[in-house]
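Understanding the architecture of this molecule
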Amino acid sequence: REESVTQVVERSLLGIASTGAVVIFYKAEYAFGFDLQASDYAVRATDSGIEISVKKPVLVAAPAVTQLRYQVLSGGLFTDEKSAVLRLYEEAARQAQRQGETMAADPAVIALCEKRLIAFLHDFLAKQPGVKVIPQITVAYR
């Protein structure tokens with residue numbers, strides 16, 4: 001995802017106020033998945049096929065923040081835009097982590113993770129000796 005954060009920088013010197021503004025841009029890459037430890041999932045046969053019971057997907061790794069860049073929207077007479085940019089760069093990883101934790105509950109993210117889990121299990125079963133037909137696979141959440 002392309003992300004951006006804008007910050008207004010204010011400073012007053014000898015009663016004279018000065019204001020500037022900066023924006024940073026970056027790409028954040030998020031990794032979502034299921035916790036598939038033996039105690040956290042179950043696979044069972046149903047009348048219509050196979051059901052995988054798991055907890056909802058989670059953010060499985062810290063987001064990768066790349067392609068950091070900035071733009072000074074307006075410079076102030078006494079403001080230090082470069083130091084504001086550095087603070088925003090430092091905050092970008094924390095912001096991406098918070099964003100990723102929120103995104104884990106997004107129905108689109110859940111659907112994509114579910115689709116990939118089903119595809120993985122389908123491919124795994126298809127490679128087993130003697131398997132000719134793969135039943136329908138569904139996911140249920142605990």
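This text gives an overview of the structure that appears in the document.

What counts as what
- Residues numbered from 1 in each chain as written.
- Predicted model: local features only at pLDDT ≥ 70, side-chain atom pairs only at ≥ 80, totals over all residues.
- Heavy atoms only, no water.
- Helix = DSSP H or I, 4+ residues; strand = E, 2+ residues; numbered from the N terminus.
- Rg over C-alpha atoms; globule rule 2.2 N^0.38 Å.
- Buried < 20%, exposed > 50% of the residue type's maximum accessible area, 1.4 Å probe, protein only.
- Contact = heavy atoms within 4.5 Å.
- Areas by Shrake-Rupley, 256 points an atom, 1.4 Å probe, with all protein chains shown as cover.
- Lys, Arg positive; Asp, Glu negative; His and termini not counted.
- Charge placed at Lys NZ, Arg CZ, Asp CG, Glu CD.
- Polar contact = N/O pair within 3.5 Å; in protein donor to acceptor, adjacent residues only side chain to side chain.
- 1 Å grid on protein atoms, 1.4 Å probe; cavity = no way out; pocket = protein on both sides within 12 Å on 5 of 7 lines; lining within 4 Å.
- Points joined across faces, edges and corners; volume = space filled by probe spheres on them.
- Nonpolar A, V, L, I, M, F, W, Y, C, P; charged D, E, K, R; others polar.

Looking only at helices and strands, one finds 2 helices and 8 strands in the protein chain. Of the regular secondary structure in the protein chain, the N- to C-terminal order runs β-β-β-β-β-β-β-α-α-β. Over its C-alpha atoms the protein chain spans a radius of gyration of 24 Å, topping by over 25% the 14 Å that the globule rule assigns to 142 residues. Counting only C-alpha atoms, the protein chain reaches 80 × 25 × 20 Å along its principal axes. The buried share of the protein chain, taken over its 142 residues, is 30%. Sequence-distant contacts, at least 24 apart, represent 71% of the contacts inside the protein chain between residues at least 6 apart. Just so you have it, the protein chain exposes about 9300 Å², and 55% of that area is on carbon and sulfur atoms. Averaged over its 16 positive side-chain charges, the protein chain has a centre that lies 3 Å from the centre of its 16 negative ones.

To continue, consider the environment of Ala140. Tracing the sequence through the fold places Ala140 in strand β8 (residues 136-141). Taking the C-alpha atoms as reference points, Ala140 and Thr102, separated by 38 residues in sequence, lie 21 Å from one another. If we skip the residues at most four places from it in the chain, Ala140 touches Glu51, Ile52, Ser53 and Val54.

So, on to unusual backbone geometry. In the Ramachandran plot, Gln67 falls in the positive-phi region, its phi being about 55° despite a non-glycine side chain. Inspection of the secondary structure puts Gln67 in strand β7 (residues 64-74).

Time to look at the side chain of Ser53. Among the structural elements, Ser53 can be located in strand β5 (residues 49-54). Accessibility expressed as a relative area gives 16% for Ser53, which makes it buried. Among the polar contacts listed, one links the side chain of Ser53 to the side chain of Arg142, at a separation of 3.2 Å. Each residue touching Ser53, except ones within four places of it in the same chain, is listed here: Asp40, Tyr41, Ala42, Ala140 and Arg142.

With that settled, the discussion passes to the layout of surface pockets. The volume enclosed by the largest pocket comes to roughly 220 Å³. Where the lining of the largest pocket is concerned, the elements lending two or more residues are β3 (32-33) and α2 (107-126). Element by element, the count of residues in the lining of the largest pocket is highest for α2, at 6 residues. Partitioning the lining of the largest pocket into residue classes produces 10 nonpolar, 1 polar and 1 charged.

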